[in-house]
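One-letter residues, chain by chain:
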Amino acid sequence: VQLQASGGGLVQAGNSLRLSCAASGLTFRRYSLAWFRQAPGKEREFVAAIKWGGSSIAYADAVKGRFAISRDNAKNTVNLQMNSLKPEDTAVYLCAAGERVITSSMKSDEAYDYWGQGTLVTVSS
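Thresholds, definitions, all that
Residues numbered from 1 in each chain as written. Predicted model: local features only at pLDDT ≥ 70, side-chain atom pairs only at ≥ 80, totals over all residues. Heavy atoms only, no water. Helix = DSSP H or I, 4+ residues; strand = E, 2+ residues; numbered from the N terminus. Buried < 20%, exposed > 50% of the residue type's maximum accessible area, 1.4 Å probe, protein only. Phe/Tyr/Trp six-rings, centres within 6.5 Å; stacked < 30°, edge-to-face > 60°. Lys NZ or Arg CZ within 6 Å of the ring centre and 35° of its normal.

Take unusual backbone geometry next. Residues other than glycine predominantly adopt negative phi, and peptide bonds predominantly adopt the trans conformation. Even without being glycine, Asn76 reaches a positive phi, approximately 55°. Structurally, Asn76 can be placed in the loop between strand 7 (67-72) and strand 8 (77-82). One non-glycine residue, Ser84, lies in the positive phi region at around 50°. By the secondary structure assignment, Ser84 is in the loop between strand 8 and strand 9 (91-98). For Ser84, a relative accessible area of 39% corresponds to the partly exposed category.

Encoded structure:
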């Protein structure tokens, strides 16, 4: 299984970025997908997740209303549209996939089986 994240970069505060994660080696439609992030010197934290059927979506409070997660089962990709970016959004963003993620555990990194290498997002003030 491989998860390849892309789309990171350097942006000014208030601007937008769109991250993508391409998955291979798994039956994509059966997996729940998530984005986590890790800032320098900080622990990894949950950002957003979408269940395998797309019916359940969860966001961290810090990004709710600014970020949107979506999935394209035909292209085996999960996307994260990030708007109104803030300097505190600066981090390495990682995508993750889990086959048996229940709704109550969507925000837990322990629920996910596979992880990508991450893409760096830097937001300047």
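Evaluation of the coordinates by the stated rule reveals five aromatic pairs. When the centroid spacing of 5.0 Å and the interplanar angle of 55° are considered together, the rings of Phe36 and Trp115 count as tilted. Residue Phe36 is found in strand 4 (residues 32-38), and its partner Trp115 is found in strand 10 (residues 114-115); the two are separated by 79 residues along the sequence. On the basis of relative accessible area, Trp115 is assigned to the partly exposed category, the value being 28%. Put simply, the rings of Phe36, Phe46, Tyr112 and Trp115 touch in pairs and so form one group of aromatic residues. The aromatic ring of Trp115 is capped on one face by Arg44, whose charged end is 4.0 Å from the ring centroid.

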